[in-house]
Amino acid sequence: LAVGVRAFGVLVLGYIGALVWRRGYINTEQLTARPGDLLFFFIHGVHLVFHEAGHVIFALFGEFMGVFGGSLNQVLIPAICVEAFYWKGQYGSAAFTLFWVGQALSDVAVYAADRRDRMLPLLGDDPLLHDWARILSWWGMTDQAVAVGRFIFALGVTVILASLLLLALEILRVWQNPPKTLEWKLGE
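Just so it is clear, the structure is predicted and the values come from calculations on it, not from any experiment.

**Some details on the confidence of the model for the protein chain**
Right, so step 1: Summary statistics for the protein chain give a mean pLDDT of 80 and a share of 78% for residues scoring 70 or more.
Right, so step 2: Within the protein chain, the element-level pLDDT minimum falls on helix α1 (residues 2-23), averaging 77, and the maximum on helix α3 (residues 63-87), averaging 95.
Right, so step 3: Under a pLDDT of 50 for its full length, residues 26-33 has, in the predicted model, 15 contacts with residues more than four places off or in other chains.

Set out below in structure tokens:
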């Protein structure tokens, strides 16, 4: 059963990973419905909560960190989950949350690349509040928004592929060393 659950996880995450790849680093040129958009809308909603919280949390460390903290926290929260599961020896869960890190990075990539077109809906009405417009301006890279988006997207896809590989290795480990079943007895 443990192998089957993990194998199913690889298939589901592989499908979502293919959707991430197909979606690409930016879709602001064609804001049309694509397969998986409802799924990405849900996942983005989860990211958005951590993203906005990151602005508040990291604002304590200055203006730059307050702005960058949104994207940082969006990736940091799942990364903390990876570490927690890894140190508990729950390698399947660590691989799953590593996939989440990769997907969060691909979500940040779209936002970073949008600095050029500014077509994505923002929570505020002021286009000057676009995080990545400000970040890239501070870095002197305003004309490289698409390249930055591509780089972050490539990083995200690499992390997604690594998570699928780690989950496949976890399947092999569990296959070779099946978990002991828990036997519950009354009165113990």
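Resuming the write-up.
**Focus on the environment of W139**
Right, so step 1: The topology assignment puts W139 in the loop between α5 (131-138) and α6 (145-176).
Right, so step 2: Contact partners of W139, with chain neighbours within four places excluded, come to F64, F68 and W132.

**Considering the environment of F58**
Right, so step 1: For F58, the position within the fold is in helix α2 (residues 37-58).
Right, so step 2: A relative accessible area of 12% means that F58 is categorised as buried.
Right, so step 3: Aside from chain neighbours lying at most four places away, what touches F58 is M65, G66, G69, L72, N73 and L76.

**Brief notes about a nonpolar patch on the surface**
Right, so step 1: On the surface, a nonpolar cluster with roughly 370 Å² of combined accessible area is contributed by L165, L166, L169 and L172.
Right, so step 2: On the secondary structure map, L172 appears in helix α6.

**Re the environment of V148**
Right, so step 1: The topology assignment puts V148 in helix α6.
Right, so step 2: Taking relative accessible area as the criterion, V148 reaches 11% and is therefore assigned buried.
Right, so step 3: Residues V148 and V110 lie 38 residues apart in sequence; the distance between their C-alpha atoms is 9.8 Å.
Right, so step 4: Sequence-distant contacts of V148, that is, excluding residues within four places in its chain, are made with A112, W132, L136 and M141.

**Some thoughts on the nonpolar core**
Right, so step 1: Formed by 28 residues in total, the largest nonpolar core has its most connected members in V75, F99, V101, L105, W132, V148 and I152.
Right, so step 2: Elements represented by at least two residues in this core include exactly α1, α3, α4 (91-113), α5 and α6.
Right, so step 3: Broken down by element, the residue count for this core peaks at 10 residues, all from α4.

Reading guide: rules and limits
- Residues numbered from 1 in each chain as written.
- Predicted model: local features only at pLDDT ≥ 70, side-chain atom pairs only at ≥ 80, totals over all residues.
- Heavy atoms only, no water.
- pLDDT = per-residue confidence, 0-100.
- Helix = DSSP H or I, 4+ residues; strand = E, 2+ residues; numbered from the N terminus.
- Contact = heavy atoms within 4.5 Å.
- Buried < 20%, exposed > 50% of the residue type's maximum accessible area, 1.4 Å probe, protein only.
- Patch = residues over 30% accessible without salt bridge, like charges linked within 9 Å, V, L, I, M, F, W, Y side chains within 5 Å.
- Areas by Shrake-Rupley, 256 points an atom, 1.4 Å probe, with all protein chains shown as cover.
- Salt bridge = Lys/Arg side-chain N within 4 Å of Asp/Glu carboxyl O.
- Core = buried A, V, L, I, M, F, W, Y, C linked by side-chain atoms within 4.5 Å.

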